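Spelled out from the first residue to the last, the chains are:
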Amino acid sequence: MEVASFVSVEAAIPDMDRPRDIRSTTREVITEYVTAAVVALYTVILLRMVLDWHGLFGSILIFLLVFLTVHYALVRQSTTKELATDRLTTTLIWSVGIIVVAILVWIFGFTALKGFKKFSWSFLTEDSRTASPLHDGGGVSQAIVGSLEQVGVAALVSVPISILTAVYLHELQGRLARPIRFIVEGLAGLPSIVAGLLIFTIWPKFAGVHAAAALGILMLPTVTRTSEEILRTVPDSLREAALALGAPQWRVVLRVVLPTAKSGLLTAAILGIARAIGETAPVLLTAFDTSIMNKNPFDGPQASLPTYAWANVRVPNQLQNDRAWSAALLLLMIVLVLFVLARAIGARGAKRLQGR
Amino acid sequence: MWDISSPTQELPEQEVPHQTRPNLGSGTPASLIATDVSAWFGSRKVLQRCSLRMEARQVTALIGPSGCGKSTFLRILNRMHEVIRVAKVAGSVELDGVDIYGRDLSVTQVRMRIGMVFQKPNPFPAMSIAENVLAGLKLSGTRASDKESLVEECLTRAGLWTEVKDRLNEGGMSLSGGQQQRLCIARSLAVRPQVLLMDEPCSALDPISTRVVEETIQAIADDVTIVIVTHNMQQAQRVSQECAFFLVEDQRSPGRIVESGPTAKLFSDPDDDRTLAYVTGRFG
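On a predicted model such as this, the values are computed, not experimentally measured, just so you know.

**Digging into the overall build of chain B**
Moving on, step 1. On a plain count of helices and strands, chain B comes out with 10 helices and 10 strands.
Moving on, step 2. For 284 residues, the compact-globule estimate of 2.2 N^0.38 gives 19 Å, and the C-alpha radius of gyration of chain B, at 19 Å, lies within 12% of that figure.
Moving on, step 3. For the C-alpha atoms alone, the extent of chain B along its principal axes is close to 60 × 45 × 35 Å.
Moving on, step 4. Every one of the 284 residues in chain B was classed for burial, and the buried ones make up 48%.
Moving on, step 5. Long-range contacts, defined here as pairs at least 24 residues apart, represent 70% of the contacts in chain B between residues at least 6 apart.

**What to know about helix α3 (residues 129-140) of chain B**
Moving on, step 1. For α3(B), the buried fraction is high: 11 of the 12 residues fall into the buried class.
Moving on, step 2. Each element contacted by the buried residues of α3(B) is listed here: α10 (236-244) and α11 (249-260) of chain A together with α2 (107-113), α4 (147-157), α5 (161-164) and α6 (177-190) of chain B.
Moving on, step 3. Positive phi appears at B:Gly141, one or two residues downstream of α3(B), with a value of about 70 degrees.

**Observations regarding the domain arrangement of chain A**
Residues and elements named next belong to chain A.
Moving on, step 1. For chain A, the assigned domains are domain 1 (24-115) and domain 2 (128-354).
Moving on, step 2. Relative to domain 2, the C-alpha centre of domain 1 lies at a distance of 39 Å.
Moving on, step 3. Listed per partner, the contact involves five residues of domain 1 and five residues of domain 2.

**So, the interface of chain B and chain A**
Moving on, step 1. If you look at the interface, chain B gives 24 residues, while chain A gives 21 residues.
Moving on, step 2. The element best represented in the side of chain B that touches chain A is α3(B), accounting for five residues.
Moving on, step 3. A per-class count over the side of chain B that touches chain A returns 12 nonpolar, nine polar and three charged.

**Digging into the packing of α3(B) against α4(B)**
Residues and elements named next belong to chain B.
Moving on, step 1. Where α3 contacts α4, the axes come no closer than 10 Å and their chain directions differ by 95 degrees. Classified by the interaxial angle, the pair formed by α3 and α4 is roughly perpendicular. Facing Ala130, Val133 and Leu134 of α3, the residues of α4 in contact are Lys147, Val151, Cys154 and Leu155.
Moving on, step 2. Each residue belonging to the contact of α3 with α4 can be placed in one class, and the counts come to six nonpolar, no polar and one charged.

**Quick notes on the environment of A:Gly139**
Residues and elements named next belong to chain A.
Moving on, step 1. Of note, Gly139 is situated in the loop between α5 (121-125) and α6 (141-172).
Moving on, step 2. Taking the C-alpha atoms as reference, Gly139 lies 5.2 Å from Ser128; in sequence the two are 11 residues apart.
Moving on, step 3. Sequence-distant contacts of Gly139, defined by excluding residues within four places in its chain, comprise Ser122, Phe123, Leu124, Thr125, Glu126, Asp127 and Ser128.

Reading the values: rules and limits
Each chain has its residues counted from 1, following the order in which its sequence is written. By the order in which they are written, chains take letters starting at A while ligands take numbers starting at 1. Per-residue local features of the predicted model are confined to residues with pLDDT of at least 70, and side-chain atom pairs are confined, for both listing and counting, to 80 or more; whole-chain, interface and lining totals are unaffected and use all residues. For the purposes of this entry, the term helix denotes a DSSP run of H or I that reaches at least four residues, the term strand denotes a run of E that reaches at least two, and both are numbered from the N terminus. Both definitions apply: the radius of gyration is a C-alpha atom measure, and the globule rule equals 2.2 Å times residues to the power 0.38. Exposed residues have 12 or fewer other C-beta atoms within 10 Å of their own C-beta, buried residues have 20 or more, and partly exposed residues fall in between, where C-beta atoms are placed from the backbone. Residue pairs are scored as contacts if the distance between their C-beta atoms, which are placed from the backbone, is within 7 Å. Note: domain ranges come from an automatic or database domain assignment. Three categories are distinguished: nonpolar for Ala, Val, Leu, Ile, Met, Phe, Trp, Tyr, Cys and Pro, charged for Asp, Glu, Lys and Arg, and polar for the others, with Gly belonging to the last. Between N-to-C directions, angles cover 0 to 180 degrees, with each direction set by a line fitted to C-alpha atoms, over the stretch in contact for helices. Roughly parallel covers angles under 35 degrees, roughly antiparallel covers those over 145, roughly perpendicular covers 65 to 115, and oblique covers all other angles.

So this is what it looks like as C-alpha cells:
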C-alpha cells in the first residue's frame, strides 16, 4: 500500500528526482579506447610489414604496450595525473583478465576443434577393440570406465583421509599438526611420476586400484589444504556456542563444523578429483593401458582417458591422432562439468550461510 | 528429558549410573559462588581474586568499563575460559556447593548445567530453527522424549514462538538479529540449565529487540539463575537485582571487583567512590 502511494507521488512530479546516469560509459571514454586500439593495431601491422616479422606473442605484447601508452596519453590530456593513473591501472587489470580468459578459450577451442571430428555416440559406448589405424570405428568406453573407476576409488579412500587430516590440523591442532602440515605441503610438490614409481615398486603388477593408490596420494595434499582453508571459514563463534551447550569436541566437529562446511568440503573433494583425473604418468606405470574393456579394477591393465590420449597421439597416424584429441576433449569436458558442479554447490552453501 | 519410553531406560532413579547425572537437566535454579577467582592469559593476569555470590532465582549484572575482565569472569563460570589455549584460572566456583573445576563434574556436565548466550547471536547455519533449539540435546548426546513440545516450550519461554511457529523448518540465519539472539536463548534453555550466563546479549541488537530480550530475561528469571554482563547501566538497573562492579586500576594491573551488592544500592548509594563515579557516568 505504502509503495503504491510512493509511486503515485513520483508520477505526479516526474522531473523532480529522475535518477542521474552515473554508471554508463561516456562517448569520450569509448573514443579514447577505440583510438588507442586503432593506433596500437596500426603500429603492430606496420612493424610486422617493415621488419618482416611473424611472432604472435610479440605482436600481442607490442599491441598491449602501445595501447596502454596511447590510452594513458589521451586520458592524461583531459584529466589529472591521479585520475589518469587510476584509469591506466583499471585498463591494465582488464587487459590481463582478457588475456587469461583468451588463453582458456583458446585451449578449449583448439581442443574442441580438433576433437570434434571423431566425437560420436559410438566413440563413447564402444571400446577400442575394433579401432584400426586406417578405418573409422571403435571408441573409448574402456578408458571412460577406467578413468571413472580409478578416480572414484582414489576419491573414496583419499577424500575422507584428507578431511580427517584437515580436521586434525585445524580443529584439534594437536602436537603433530606442524610436522603433518609440513609433510602435506611437501606432498603437494611431489612429482606425479614419483607417486607412480612408488606404487609400481610396491605392487609391480598392472591394476586399476594401483593407479587409484597413486592418484590418491596426489589428491591428498590438494584436498587436505583446501579443506583446511574451508574449516578456517567456519566462525569460531559456532564452535563456542556448541561447546557452551555441553558438547564434547568430537560432537562439535561432527554436528556443527562439518555440516556448516559441507558444501565447501565437497568443492575441495571435486578439486582433488579434477586434479587426479588428468594424471597420465602415474597411471601408465600402475594400470598401463589397454584397448579392451576391463571393468575389474583389481586385476589386469586398465585404460584411462589420459593414457588413451597419450597412446594415440604418439603414433604418426592422422586417424589415431584425431581420436587422441577427442579423448582430450572428453577429459576437458568432464573436468569442466566437475568445476561447474563445485562452483554451483559452493554458491548454494554460501547462500544458505547468508540465510536466504 | 530422558527417553523413558525405551525399555532400557526404565531404571529406578537411584540406579542411574553416574551420581552427578540425576541433577543434570532437572532445571532447578542453583546458586553460583565464586571464591578468589584469578585468571591469566599466558603470563598476563587479567583478574585478581574476584569473589561473588550469585543467588538462585536472581539476575546478577556484571558491570564495568571495557577490558576490566567481566567477560573473562563470566566465561570462568562455565569453564569456557579454558577453551583459549593459554588461559589459566585460580580459585573455585561452586554450583550448589559442588566445585565445577573439581572431580565430581566433567567439563561437558558443567556446561550443560550452566548455559551461555553470547554477545553476537550465533545460531547454527546448517540447522533449521527447530533443529537449533534441539541442538544442545544432540550435541550433548541427550535424548528427548517429546521434541515438538520441547521446541514449543523453549521458543515460548524465549518469547519467539509466535513469530516463528509457522516456519520452524527454515534456516536459523533467516531470522533478524534480535530473533536470532532469542533463538540462542531458546537453544540454551532446551538443555534445562540451572544457570544462564549472558555476555552482553543485547549489544548487537537495536533498542526494540533489546527490550524484547530484556522481557525474556525477566520472564525466565524464576526458573534459571541469570548472570549478565552489560555495558548498559540502564539495562543493569532494569533487569538485575544484584550487581557487581569490575574495574582495572591502570592498564597493566588485573581487573577486580570493586563492589557488589543489591543493584538499587549500587546505583543510588554505593560504598565506593569509583562505583559512584562510574554509575553516574563520570567515566567509563
